[in-house]
Structure formats: C-alpha cells, structure tokens
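Reading the structure
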Amino acid sequence: MNAKQLFDYIGYFRGLWQQNKLAQQEQFKFCTCSGIETSHGQRLLLCG
C-alpha cells in the first residue's frame with residue numbers, strides 16, 4: 001500500500017502554508033528534509 005496515494009500530506013501542508021497570510025508576510029519558505037527519526041523519511045519545515 002502506498003500511503004502517498006491515500007493522502008498527500010506534503011501537498012496538504014504546502015496548501016496550508018500558501019494560504020497562511022502571516023507565513024507569506026514573513027516570507028517563510030516551505031520545504032522538506034529527510035531525517036533518521038522520521039517515520040516516512042521526511043519532515044515538514046517552515047523556514048524564515
């Protein structure tokens with residue numbers, strides 16, 4: 001079973017970031033990175 005086909009969590013959080021006025025005002029950038037302790041191999045980050 002491919003979890004991404006069931007729910008695109010990266011796309012979901014990217015959409016929240018795009019709609020967040022404060023994040024846009026402060027010029028936060030949406031990005032992901034791999035981490036050894038993450039369950040799906042990626043963490044979601046907002047970088048300022």
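Note: the structure precedes this text.
Residues numbered from 1 in each chain as written. Predicted model: local features only at pLDDT ≥ 70, side-chain atom pairs only at ≥ 80, totals over all residues. Heavy atoms only, no water.

Overview of the overall build of the protein chain
Within the protein chain, the regular secondary structure consists of three helices and two strands. The helix and strand sequence of the protein chain, counted from the amino end, reads α-α-α-β-β. Out of the 48 residues belonging to the protein chain, those deemed buried represent 15%. Long-range pairs, those at least 24 residues apart, make up 16% of the contacts in the protein chain with a sequence separation of at least 6. Surface summary for the protein chain: the accessible area is close to 4,100 Å², and the carbon and sulfur share equals 54%. (Helix = DSSP H or I, 4+ residues; strand = E, 2+ residues; numbered from the N terminus. Buried < 20%, exposed > 50% of the residue type's maximum accessible area, 1.4 Å probe, protein only. Contact = heavy atoms within 4.5 Å. Areas by Shrake-Rupley, 256 points an atom, 1.4 Å probe, with all protein chains shown as cover.)

Description of helix α2 (residues 9-19)
All of the buried residues along α2 are I10, G15 and W17. All buried residues of α2 project into a common sector of 160° when viewed along the axis, lining one side. (Arc of directions from axis to C-beta.)

Observations regarding the environment of T32
Topologically, T32 is positioned in strand β1 (residues 29-33). The exposure class of T32 is partly exposed, given its relative accessible area of 33%. Measuring from C-alpha to C-alpha, the distance between T32 and I10 comes to 8.3 Å, with 22 residues separating the pair along the chain.

Let's talk about a nonpolar patch on the surface
On the surface, a cluster of nonpolar side chains totalling about 520 Å² of accessible area is made up of L6, F7, Y12, F13 and L16. A per-element tally of the nonpolar patch places α2 first, with three residues. With respect to the element layout, L6 can be found in helix α1 (residues 3-6). (Patch = residues over 30% accessible without salt bridge, like charges linked within 9 Å, V, L, I, M, F, W, Y side chains within 5 Å. Salt bridge = Lys/Arg side-chain N within 4 Å of Asp/Glu carboxyl O.)

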